[in-house]
Every structure is written in C-alpha cells, then in structure tokens.
Amino acid sequence: MDDLIAKQVDVLGSSIMAAKDAEGSIWVGINSFCQGLDMNKKQRDWQVEKIKEDKTLSRGCRLLPAAIFDPSNEAYALRLDFIPIWLAKISITKRMEQDHPELADKLLEYQLKAKDILAAAFLPQQDSTGDVQGQIKLLAQGTTELYQKVDEVTEDVKSVKKELQDFKETLPLMPEDADEISDSVKKRGVGILGGKQSPAYNDKCLRMKLYVNFYSNLKYNFNVRSYKAIKRNQKAQALQIIAEYKPPLFLAEQIADVNAQQSLNLKGGATNE
C-alpha cells in the first residue's frame, strides 16, 4: 500500500480523498465521500459498517494505513468500480426529499457523475488512441471479474445441488422401492421353501418362521426397526443381502424335513400299490 498515490478530488463542489495503486485501481475514502454528502459522523460510521458487512461491497473494501488519507488514522476505502453499486443501495426516499432536499439532490448527482469525475482525476492526458486503449483495458478487466463472479455462482449452485442430492439419498425408501424390497424377499423365500407347490411353502407356520427370520436379518444388517426405514442409498445393498440370504441351520433343516417327508410318503404310496 506504500505505492498509493493520493489526492483530493473536487466532486461537485466537495473535496473527496482518493488514491491510485500501482495496478491502476482507484480507491475512494468512504468517510471523505460521506462528508461530501453532508453526512454526520454517526451516518458516516454506519455507511462504513454497511459496506464491510455487505456480501458484494466488502469485496471492494480495503483498510488503508495511516498517512494515506489521514495523517494519523487508518481509513476504509472502496474501489472505484464499487462506488455506483454502493450509491445505488442508498435509496432516495420521499422522506429524504422532504426533510433533506439538498442531500437528496446531491446524492442523485453523485450517483450519476461521481465515479466518472473521480476516474478522470487520475487519468493522464492522452490522445484518442490511448483513451480507446484505456477503455478496452477497463472493459477487459470488468469482463474478467464478471466471469469470476459467474464461476463463483456456478460453484455455489453445484454445491447446493450436491447437498440436496446427498440429503435425498439419506431419506427412507420411496414406496415403490419398499415394494421392490418386499417382492424380492417373497421371491427369495419361495425359492428357499422349494416353490409354491412344496409342502414347506404350504406349511403356514413354517413359511411364517422363514419370513420373520428373513426380515429380522435384513433389519439387523441396517440397524432399523422396519425395512421401510432403510435409506435410499442403501437399496442396492439391501437387494444384494436378500439375494444372498440363507436361513439359519435349524430352519433349513425343518424345511428340508417337511419337503422330504412328502417325498417319502409318495414313494410309500407307490410301493403299496
């Protein structure tokens, strides 16, 4: 900041402190600018705080060291291209026009002309070619900053979309997903019992034991009280567990015994004949 070139600029009859840095950016003293608008100290301090807290304006706000604008005090400054945004946020209300007509008129003039006057104070005398080049440079700088802001907004949107997707994935199963889980359990259970025509399947008590164990195993794996509470992002895992489910040994033996008993009965009936 030691390379700042400061000067007083006459803006519509008021003297405003401004400085230009080595990169060509112009910084305007916020307190000095507010004095030019005839604001009292409380109003000036309030405007400084508003700028520091504003999401957009704070990006163009900087604390300058002592001796730049004030011999013994630091001072907050706003970059020139942020001045119109700041002034546009100061509304000219009907009450302002009634109670402080001079301030309302001056604020309007500042909104329309202040930026150009301050910029001109730091521009060297140059021919039309140089002026065009300067305008092109300013336009390029503004375009770059615009693209940067668009990129920032795009990243914010992507982040929000990801958070929303993650949130949706952690919600419980949709009704159609729960139905798919239930249908898969039924289908796997029928296969374990030996088909719908098997004695084990038609043994209501045995069939109930199998499905109770089946659902208990599923709920245990996901630590839920109901299979419907399984999260959406766990659906594929649930279907895999269902496909690989095997009944405990005691239940598997009961199923095998019931189905084998009918087989023996059929053979015995055929021998008697």
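Conventions we followed
Residues numbered from 1 in each chain as written. Predicted model: local features only at pLDDT ≥ 70, side-chain atom pairs only at ≥ 80, totals over all residues. Heavy atoms only, no water. Phe/Tyr/Trp six-rings, centres within 6.5 Å; stacked < 30°, edge-to-face > 60°. Helix = DSSP H or I, 4+ residues; strand = E, 2+ residues; numbered from the N terminus. Buried < 20%, exposed > 50% of the residue type's maximum accessible area, 1.4 Å probe, protein only. Lys NZ or Arg CZ within 6 Å of the ring centre and 35° of its normal. Salt bridge = Lys/Arg side-chain N within 4 Å of Asp/Glu carboxyl O.

The final tally for this structure, using the stated rule, is 3 aromatic pairs. A ring pair is formed by phenylalanine 33 and tryptophan 86, whose centres lie 5.3 Å apart and whose planes are at 65 degrees; its orientation type is edge-to-face. Placement of phenylalanine 33 in helix H1 (residues 30–36) and of tryptophan 86 in helix H3 (residues 83–89) is noted, with a sequence separation of 53 residues between them. Residue class for tryptophan 86 comes out buried when judged on its relative accessible area of 2%. Plain terms: the ring middles of phenylalanine 214 and tyrosine 245 are 3.9 Å apart, the flat faces sit at 20 degrees to each other, and that makes the pair stacked. Here tyrosine 245 lies in the loop between helix H10 (235–243) and helix H11 (249–272) and phenylalanine 214 lies in helix H9 (residues 204–222), a separation of 31 residues in the sequence. The class for phenylalanine 214 is buried, based on a relative accessible area of 1%. The residue whose ring lies beneath arginine 207 is tyrosine 201, and the NZ or CZ to ring-centre distance is 4.8 Å.

Next up on the list: the pattern of salt bridges. Per the counting criterion, the structure on display carries 5 salt bridges. Across the salt bridge formed by aspartate 81 and arginine 79, the nearest N and O atoms sit 2.8 Å from each other. Accessibility expressed as a relative area gives 30% for aspartate 81, which makes it partly exposed. Its salt-bridge partner being lysine 235, residue aspartate 177 comes within 3.0 Å of it at the nearest N-O pair. Taken together, the residues span a long stretch of sequence, with aspartate 177 in helix H7 (residues 175–193) and lysine 235 in helix H10 at a distance of 58 residues.

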